[in-house]
Amino acid sequence: EAQVTQNPRYLITVTGKKLTVTCSQNMNHEYMSWYRQDPGLGLRQIYYSMNVEVTDKGDVPEGYKVSRKEKRNFPLILESPSPNQTSLYFCASSLVTITPRGDEQFFGPGTRLTVL
Amino acid sequence: DQQVKQNSPSLSVQEGRISILNCDYTNSMFDYFLWYKKYPAEGPTFLISISSIKDKNEDGRFTVFLNKSAKHLSLHIVPSQPGDSAVYFCAALSGTYKYIFGTGTRLKVLA
């Protein structure tokens, strides 16, 4: 089954304790991305990656790191989490096409993170 | 500075009627627009998209209209069904793969 998986689904942690949220896709997609969803703010892109070893900042990259060492995996790293990073996080992947534009991002089920 | 705005946080529609969800944008460089639907406890799912060279795209019950001069797009759902009740996000792209999403509109279709 084609899917994007995220782990963990729920996480409660404390300020400053490094954490990693994993994301994996089995569709051989070049493009992967991380978003956070907050009430009243919608979905905001954190980082995205067009392919292995190619990453770029989205709208809200501060406080986050990513890496893309393999095509299927795109972990999100919070080196020193703070309470304002409490949010619902989504990973997504898609093919990269130019014409037409690649449009169907497949989203993971989400990771609800609470930083105390 | 919100480049993509969905000014209606919620919308209620009777089953069988038309649902119209609106989205405004400020950046004239956006060249591709998308709508995603999100149910609670699930990730968003792609619904329909439109290129800036078009003004309309249809897929079954869903039609997206783009008015570039007004920097406005809308999603029409006809007829609306209870299963359409969800949060709808519009999103825009501008030549790169940096997505800008709106804040979402919660649609409730009443049986």
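Our subject is the structure that appears above.
Residues numbered from 1 in each chain as written. Chains lettered and ligands numbered in written order. Predicted model: local features only at pLDDT ≥ 70, side-chain atom pairs only at ≥ 80, totals over all residues. Heavy atoms only, no water.

### Examining the side chain of S74(B)
Residues and elements named next belong to chain B. For clarity, the threshold we go by: Secondary structure elements follow DSSP: runs of H or I no shorter than four residues count as helices, runs of E no shorter than two count as strands, and numbering proceeds from the N terminus. Polar contact is the term for a pair of N or O atoms within 3.5 Å; when the atoms are in protein, one must be able to donate a hydrogen and the other to accept it, and sequence-neighboring residues count only if both atoms are side-chain atoms. Should any heavy atoms of two residues lie within 4.5 Å, those residues are counted as being in contact.
With respect to the helices and strands, S74 occurs in strand β8 (residues 72–77). Among the polar contacts made by the side chain of S74, one reaches the side chain of H76 at a distance of 3.4 Å. Setting aside its immediate chain neighbours within four residues, S74 contacts I20, L21, N22, W35, T63, V64 and F65.

### A look at the pattern of salt bridges
As a reminder of what qualifies: A pair is scored as a salt bridge if a Lys or Arg side-chain nitrogen falls within 4 Å of a carboxyl oxygen belonging to Asp or Glu. Relative accessibility under 20% of the residue-type maximum defines a buried residue, over 50% an exposed one, and the middle range a partly exposed one, all with a 1.4 Å probe and only protein chains included.
By the definition in use, this model includes 6 salt bridges over all chains. Residues K98(B) and D59(A) are paired through a salt bridge, measuring 3.9 Å at the closest nitrogen-oxygen approach. Of this pair, K98(B) sits in the loop between β9 (86–93) and β10 (100–101) while D59(A) sits in the loop between β6 (54–57) and β7 (65–66), placing the two residues on different chains. By relative accessible area, which is 40% here, D59(A) ends up partly exposed. E58(B) is the salt-bridge partner of K56(B), the closest N and O atoms lying 3.7 Å from each other. Accessibility expressed as a relative area gives 53% for E58(B), which makes it exposed. When salt bridges that share partners are traced, they join R36(A), D38(A) and R44(A) into one network.

### Remarks on the sheet that holds β8(B)
Residue and element names in this part refer to chain B. Threshold: Pairing between two strands requires that DSSP report at least two bridges joining them.
Sheet architecture is open: 5 strands sit in the order β1-β3-β8-β7-β6, paired in antiparallel fashion. Here the strands that pair on one side only, and so sit at the sheet edges, are β1 (4–5) and β6 (56–59). Bridging between β1 and strand β3 (residues 19–25) involves 2 bridges; their strand directions are antiparallel. Bridging across to β3, K5 finds its partner in D24.

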